[in-house]
Each structure stands twice: as structure tokens, then as C-alpha cells.
Amino acid sequence: MQYILTSAFASNANSGAYGINSAMEGMGLVMDDGRIKHHPILEFKEGRKVRFTFDGKELEGYEGEPIACALHAAGVRVLKESPELKRPRGFFCAIGNCSSCLMTVDGRPNVRVCVERLREGMNVITQKGKGVLLADK
Amino acid sequence: MSSLLTSEICVVGAGPAGLKAAISARDMGAHVTLVDSEVNLGGQLVKQTHKFFGSRGQFAGMRGIDIAKLLADEVSRDPSVDVMCESQVVGFYEDGTLAIEKDDSIQFLKPERVICAAGASERMLSFPNNDLPGVYGAGAAQTLMNVYGVKPGNRVLMIGAGNIGLIVSYQLLQAGVEVAAVLEAMPHVGGYDVHARKIQRAGIPILTSHTIKEAHGTRSVEDATVWALDSEFHPVIDSERYFEVDTICLAVGLTPLTELLWQAGCRMVYVPELGGYAPLRCENYETTHPGVFVAGDLAGIEEASSAMIEGVVAGLSAARSLGYETDGFEERLRLAKNELEALRQGPTGQKVRQGIRRLMALREVGEGI
Ligand SMILES: Cc1cc2nc3c(=O)[nH]c(=O)nc-3n(C[C@H](O)[C@H](O)[C@H](O)COP(=O)(O)OP(=O)(O)OC[C@H]3O[C@@H](n4cnc5c(N)ncnc54)[C@H](O)[C@@H]3O)c2cc1C
Ligand code: FES
């Protein structure tokens, strides 16, 4: 399941290099639960709602969105504890490049939750330390 | 270990550069495998809701998201382009073999030519507590809100008033997020005036000659201290100001994503004007590793229009080197190179021109690691 972007706005004349259409200024926006409900340009076609657990608590998110997005929308920003100084860490790049977002998912450590897609019933745990490499399957 | 797959040309990365490279190589008659780690093709374009200027009227006035859709449709429809989404290239061996991870398993592909167009990554900035959750790359904030519809925070401090910092600040407002201020270490705004004015009209201060001193918070960002910088970029005593914010976005520049090129043994040189280490390459965008071409931000940080044209040059040249020939080839290549040059004219292109000059000079003298 993926999120499909559609531009609800017909294109106006270009308002310059890197231009933003000024017609959208002042549009009303409604927010709910960390999710954008209405946006002047984008429509978010949400997937199926699924349940998953985060450190034992039950949360909801949309199937197919990155786990980090579902957590963030639910107000969870701390994803792991750093191995040496035990500091809280969240995501940084959100595209799978930096390893700042490693969590333990369904028993598997070091999962980059900014790119790992959410599925029904996943068990997501704040990772403490480096995690253990699993033996070859 | 799985068996070794083959293909004529493998394009790594389906941003504007990779998409155009694939299309151009295909136009010459080559068979292309296009690999991208994301679900959606388009690279940075999939999160850019603002209108772009295109080269020579091409795509002018279109939003990034719409350009992405157009190019993605073209390659998806084409039987001579194999598209592999959600597939990350994790290794590039010196013999030209690529290791590609998909669904937790690795496939090996040994194409005859490789065009690397993996884009860029965001720079970090050092300040106390920069590792706190809530300190995000501006591109990360953009991905969260524009691709997945999730607010990156409630109140944001933006660091950097280049185009990215300004555009993302405006997009944050559109997503219903407050922006406390935009900081810029330089004495002037780096991005275009149109963007700066939009931000200012919305009542957001742009503090030039200012930077972040420190972030604070126990589990995540709760506030931030900023201070002024003098003409030598030293902090000004007693100039501290506090901002209550839950998110700090860094828009302090990009650097080419070159790990794969290092692995393959392409010679690399440090060119600050191009964003850091960049591959040595010839006019046709072939690196020092024969058969390995580059295009887009990975070849030097620029913009989407130049990334697309570099993609054209690399795509045409890679196909040509395999023996493919079409009537208009020479003319198309020449036009693309002219177009690149035209794009880099004027004051905004000065830095890039200087960087490329430096790159070419280093190549002449055989520099590079
Ligand atoms: C906020 C913002 C606003 C901008 N506005 C403009 C504008 O108005 N006009 C303009 O011209 N430019 C603009 N730009 C710049 C433009 O987006 C980039 O220069 C352009 O996208 C670079 O294209 P690219 O194809 O080189 O890289 P990208 O678009 O970054 O694409 C790289 C692709 O490679 C994939 N990839 C990376 N590594 C791997 C791997 N190992 N395996 C598989 N796939 C991989 C990535 O998933 C990605 O899809 C803007 C940039 C930003 C961030
Ligand atoms: S946030 Fe960078 S890898 Fe997930």
C-alpha cells in the first residue's frame, strides 16, 4: 500500500524560479493527531488502518507507511537509546541513509524504521544498544 | 548466494537525473535496469510541492511532484526499462558487480554499464545536543509532511536560509506547523528573494548573522538558544536569544552520496563548491572507472534541471559506448551540453562553474584518491 500524491490545484502561471503559487496562501488547514488532514496542494490517500505495538502499548497507523511516521503521528519521537552514552535518539534523514532510527521489529534488531513499512500486528521495541546479529536464516 | 544477473545499463537512483538517464539510454535502443530504494520514483521531486523553473521552458511552472509523475510514467510504461523499486544498491564491487537488497535478500547484478545517480545527503551541524530527537534534516521534515502527511512538529526553528531552508519553512506553514524563526550564519539570505519575501510576509523573522548555540531537552527538543555572529563568524557575547520549539530543522547544505563510487574505486576529489567529495569525470560524465557514469547531485550539488540534463548526457553516452547509434545522437548530445552551460550562466551558477573548473583542473593533473 502506498501513499499517492495528487495535486488538487490546477497549475497557475509560474511565480518565478523555485516559485510557490501565492494563490494558496491563507488556505485554512485542519490538524488532528499529528496528521495533516487538509493541505492546500496535497491530498493524502491513506491506507488501511492497522494496529501494532510499541514497547507493549497498542497503537494505530496506516498500513504501508514507514513505522517512524506512524510513531511520530502518535507522538513518539524517541526510537532508540545510543549504545555508549545511552542517549535518546530519533530519526534524522528519514530516507534510510543515517542509521539514527534503528529499532527492534518483530525480534529483529537494527531495523531502519524510517523506511520499514508498517504491517498489521508488528511488534516494535525501542532498541537499547547495538542489538544482536541474527544467525543466517 | 543467488545467481549473477546481467543487464546492459543499470541506473542507480530514480530521481530526475536517473529517470532522464534511463529514458535517454532507452531512446538510443539500450536495455535499462532502473533501481531505486524508494516505493515511488522521482527522488527529491516526490516531496516538492512548489513549482519549478525548467530548463528552456521544459517543465517550467510544473510542481516537482508532477514532473516526477510524468517521468515515472514514461519509464514504467516502457518494456525496455526494467524498474526495480524498494531495491537498494548496497555494494558496488570493483569488477562492476552491484549488490542489490530487496525484501531482505541480496541479488547480484553485473551490468555492462552503470550510471550512478544516487543524489545527495543532508549535512549535519555540530552544536550541543544536536543528537536529540527533534533535530531533523529539512528534507526529512519534508518527507514526513509532504509524502506521508505527518507533521514533523508543532513549532520549528529552521537553520539555514538557502532555498531549501526557505522552501521547507513555507511548506511547514502550509502543513499547519508554526515556524519560530529562520537562522542564517551568513550576513545575507542565500536563497532567492521570492522565497524570503513569502516567509517574511507570513511574519517569520529571518535572522541573518545568527546561528544555533545549543539545543535543550531531556528526551527530545524543548527549546533552543541562538546567538549572533560577528563578521568573522565568532559568536557575539551576550547576544543569546531563546526559542521555545519542539523541532529544529537543519538546512545547511547537501553533500554528494558517493559511497558506491568509493567502493567501485572511482577516483574522488574534494571540491567544496560541489558539496564535498565528487567523482572525477569527463565531459560525457564517465568516471575514471571505465563504464561507470554519473549524473545529478551525486556528481556535484546543483538542482533538478541540471540533474536532468546531466542524466541525458550520461544516458546517451553510456548507450553510445555500447555501440548504439541513432541519427540525431551527436546533435542531442551537443544540445544537452549547451543547455547545461546555459543553465550555469549568471551569478547563481558561479559557484558551480568554479567547482567544475576546479574538478576538471584536478583531472588534468591526475589528482584524486
Ligand atoms: C526542498 C528542496 C527544494 C528544491 N527545489 C528545487 C527547485 O525548485 N528547482 C530545482 O531545479 N531544484 C530544486 N531542488 C534540488 C533538486 O531536488 C535536486 O537537485 C535534484 O532532485 C537532484 O536530482 P538527483 O536525481 O541527482 O537526486 P535525487 O532526486 O536525490 O534522487 C536520488 C535517488 O536515488 C535513490 N538512491 C540513493 N541511493 C540509492 C541506492 N544505494 N540504491 C538505490 N537507490 C538509491 C534515492 O532513493 C532517490 O530516489 C530542491 C531540493 C530540495 C531538497
Ligand atoms: S532516519 Fe536516517 S536511516 Fe532512518
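Residues numbered from 1 in each chain as written. Chains lettered and ligands numbered in written order. Predicted model: local features only at pLDDT ≥ 70, side-chain atom pairs only at ≥ 80, totals over all residues. Heavy atoms only, no water.

Undergrad: What is the right way to read the overall build of chain A from this model?
TA: Helices and strands together make up the secondary structure of chain A, namely one helix and twelve strands. The burial tally for chain A puts 45% of its 137 residues in the buried class. Counted over contacts in chain A with a minimum sequence separation of 6, partners at least 24 positions apart contribute 46%. Carbon and sulfur atoms form 50% of the exposed surface of chain A, whose accessible area is close to 6900 Å². (Helix = DSSP H or I, 4+ residues; strand = E, 2+ residues; numbered from the N terminus. Buried < 20%, exposed > 50% of the residue type's maximum accessible area, 1.4 Å probe, protein only. Contact = heavy atoms within 4.5 Å. Areas by Shrake-Rupley, 256 points an atom, 1.4 Å probe, with all protein chains shown as cover.)

Undergrad: Can you help me understand the site of ligand 1 in this one?
TA: Around ligand 1 sit 34 residues, and of these B:Asp36, B:Gln44, B:Val89, B:Asp297 and B:Ala304 come closest. More than one chain approaches ligand 1, the contributing ones being chains A and B. B:His50 has a polar side-chain atom sitting 3.0 Å from an oxygen atom of ligand 1. A total of 1000 Å² of accessible area belongs to ligand 1 in isolation, and the protein chains cover 94% of it. At the level of secondary structure, the elements contributing two or more residues to the shell around ligand 1 comprise helix H1 (16-27), strand S4 (88-92), helix H4 (163-174) and helix H7 (304-321) of chain B. (Near = heavy atom within 4 Å. Polar contact = N/O pair within 3.5 Å; in protein donor to acceptor, adjacent residues only side chain to side chain.)

Undergrad: Explain the domain arrangement of chain B here, please?
TA: Many structure descriptions define interface size as the accessible area lost when the parts assemble. Residue and element names in this part refer to chain B. Split into domains, chain B comes out as domain 1 (4-121 + 254-365) and domain 2 (124-250). Computed from C-alpha atoms alone, the centre-to-centre distance between domain 1 and domain 2 is 31 Å. Taken residue by residue, the interface counts eight residues in domain 1 and eleven residues in domain 2. Here domain 1 and domain 2 share an interface that buries about 740 Å² over both sides, 53% of which is from carbon and sulfur atoms. Across the contact surface, domain 1 and domain 2 share zero salt bridges. Across the contact surface, domain 1 and domain 2 share five residue pairs in polar contact (both at pLDDT 80 or more). Tallied by class, the residues present in the side of domain 1 that touches domain 2 amount to two nonpolar, four polar and two charged. (Domains from an automatic or database assignment. Buried area = accessible area lost by both parts, 1.4 Å probe. Salt bridge = Lys/Arg side-chain N within 4 Å of Asp/Glu carboxyl O. Nonpolar A, V, L, I, M, F, W, Y, C, P; charged D, E, K, R; others polar.)

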